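# Working through the structure, step by step
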Amino acid sequence: MNKPVVVAPEDQPTPVAAPNAATTTVAAAGPAYLVLGGISVSHFLNDTMQSLIQSVYPILKANYALDFAQIGLITLAFQFTASLLQPVVGHLTDRKPQPYSLSVGMGFTLCGLLLLSVAHHYLVILVAASMIGLGSAVFHPESARIARLASGGRYGMAQSVFQVGGNFGTAMGPVLAALIVVPFGQPSIAWFASIAFVAILILWRIGRWYQPQIAKKKAMAAARHPDGPNSRRVMLALVVLVVLLFSKQVYMSSLSSYYTFYLIGKFGVSTQTAQIYLFMFLAATAAGVFFGGPLGDRFGRRYVIWFSILGALPFTLALPYVGLYGSAVLSVFIGFILASATPAIIVFAQELMPHRFGMISGLFFGFTFGIGGLGAAALGQLADRTGIEFVYQLCAFLPAIGLLAVFLPRMPKHAR
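Everything quoted here is computed from the prediction, not taken from an experiment. (Residues numbered from 1 in each chain as written. Predicted model: local features only at pLDDT ≥ 70, side-chain atom pairs only at ≥ 80, totals over all residues. Heavy atoms only, no water.)

### Details of the overall build of the protein
Looking only at helices and strands, the protein has 17 helices and 0 strands in total. Considering only contacts within the protein whose residues lie at least 6 apart along the sequence, 87% involve residues at least 24 apart. (Helix = DSSP H or I, 4+ residues; strand = E, 2+ residues; numbered from the N terminus. Contact = heavy atoms within 4.5 Å.)

Encoded structure:
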């Protein structure tokens, strides 16, 4: 598995940790593909269950006469819970890793699904969504750390493998909702608790692999590279990454939360047909995540971030003015291009502060959830007042914020 040493191009951001014997040993060992596969499958199962919340919005809206603002608050309850707790979980596991915490977090998701299946009051729906968000808060920071430990030095690839599982899980939600939840109703959500149980078993086995790695992780404690950006440049870069993630996530939230309503209202398609179109968009985002990480390893994460945020602008500007099939095609391009930024942004932020890996991972994953929730709630209020079509006309300009990528620093090159 040993390969020739390849020195990255000048613009390629690579780990800012100073090389040491431990990191060299891990890189030489190569990626632990079985662990990466297991954590990706777990992410797939986790996000499949979580995506059911947004997928059953039309059912909840019809059953309980909810308006768009209330739909947005359900998204907020789920995503804001995860947003607040993920950095806290990451900080705690930086100090004391918890190898079996992933199984416990998945247990919260299981309980949230069961509660959502029997909820008959709006407040109970919010509590169920919050419990699923709590499970997400526990899952993401530590699973991202495990993916990095199993990467063998190919951090972008590992982050893509980890995240693509979640994106495919998110894409499966609308399909499962169309095939199962729509015909059989809200109680059928409880059937997906069996998926949570399978995920708990997988994560328990991964925890057994992770436990002996904790001592090795301490030996590999990362330090700032002597040629890396100074503290001021690091803080500026983190702010830019947060703003770029804001523009990306708010637009993605507008599609994942309201795209079905947009298609139903503008083109008169059925709920099940709208779910299929939503699946096409979400599948494209999964493909974008899969390719974004390896491309960042190969060509540099700054270039991938530039392309993925700003490159989506022509397609988002055209989306509100095309027909049904044009909307489907453009949504695929938008999902693919925007999603390719996710692994590049996450790994770039991790490399800026490798000594705070868990906290940074939790902060950026949590920020993704939080901004998505706040964006969904705000866009829901706007849609109630102005109409869903105006929302997409306004959000079309968000990718222009990608111009701020010019302020990202060049990271030091490093031979693996």
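That shown, we press on.
### Looking at helix α15 (residues 341–352)
In this model, α15 (12 residues) spans 16 Å end to end at C-alpha, consistent with the 16 Å of a helix rising 1.5 Å per residue. With 12 of 12 residues buried, α15 lies mostly within the body of the structure. Where α15 is concerned, the buried positions are A341, T342, P343, A344, I345, I346, V347, F348, A349, Q350, E351 and L352. (Expected span 1.5 Å × (residues − 1). Buried < 20%, exposed > 50% of the residue type's maximum accessible area, 1.4 Å probe, protein only.)

### Some thoughts on helix α14 (residues 324–339)
Between its first and last C-alpha, α14 extends 22 Å over 16 residues, near the 22 Å set by a 1.5 Å rise per residue. Looking at α14, one finds that the buried residues are L324, S327, A328, L330, S331, I334, G335, I337, L338 and A339. On the buried face of α14, the contacting elements are α10 (231–267), α11 (271–299), α12 (301–310), α13 (313–318) and α15.

### Overview of the environment of G153
Mapped onto the fold, G153 is located in the loop between α6 (122–149) and α7 (155–184). For G153 and P31, which are 122 residues apart along the polypeptide, the C-alpha to C-alpha distance reads 7.4 Å.

### A short note on the environment of Q70
Looking at where Q70 falls in the secondary structure, it is placed in helix α4 (residues 68–95). When the C-alpha atoms of Q70 and A377 are compared, they prove to be 8.0 Å apart, with 307 residues separating the residues in sequence. Residues in contact with Q70, not counting those within four places in the same chain, are A65 and Y122.

### Remarks on the packing of helix α5 (residues 101–118) against helix α8 (residues 193–210)
Relative to each other, α5 and α8 sit at 175 degrees, their axes nearing to 9 Å. One element, α5, and the other, α8, form an angle in the roughly antiparallel class. The segment α5 lies against α8, with L102, S103, M106, G107, L110, L113 and L114 engaging A193, A196, F197, A199, I200, L203 and W204. Residues of the contact of α5 with α8, tallied by class, amount to 12 nonpolar, 2 polar and no charged. (Axes fitted to C-alpha atoms, helices over the stretch in contact; angles between N-to-C directions. Parallel < 35°, antiparallel > 145°, perpendicular 65-115°, else oblique. Nonpolar A, V, L, I, M, F, W, Y, C, P; charged D, E, K, R; others polar.)

### Examining empty space enclosed by the protein
Within the structure shown, the criterion is met by 2 cavities of 30 Å³ or more. Put simply, the second largest cavity is a space of about 40 Å³. Every residue along the wall of the second largest cavity is listed here: S51, Q54, S55, T170, P174, S256, L278 and L282. Those elements that place two or more of their residues in the lining of the second largest cavity are α2 (33–55), α7 and α11. Per element, the largest residue contribution to the lining of the second largest cavity is 3 residues, and it comes from α2. (1 Å grid on protein atoms, 1.4 Å probe; cavity = no way out; pocket = protein on both sides within 12 Å on 5 of 7 lines; lining within 4 Å. Points joined across faces, edges and corners; volume = space filled by probe spheres on them.)

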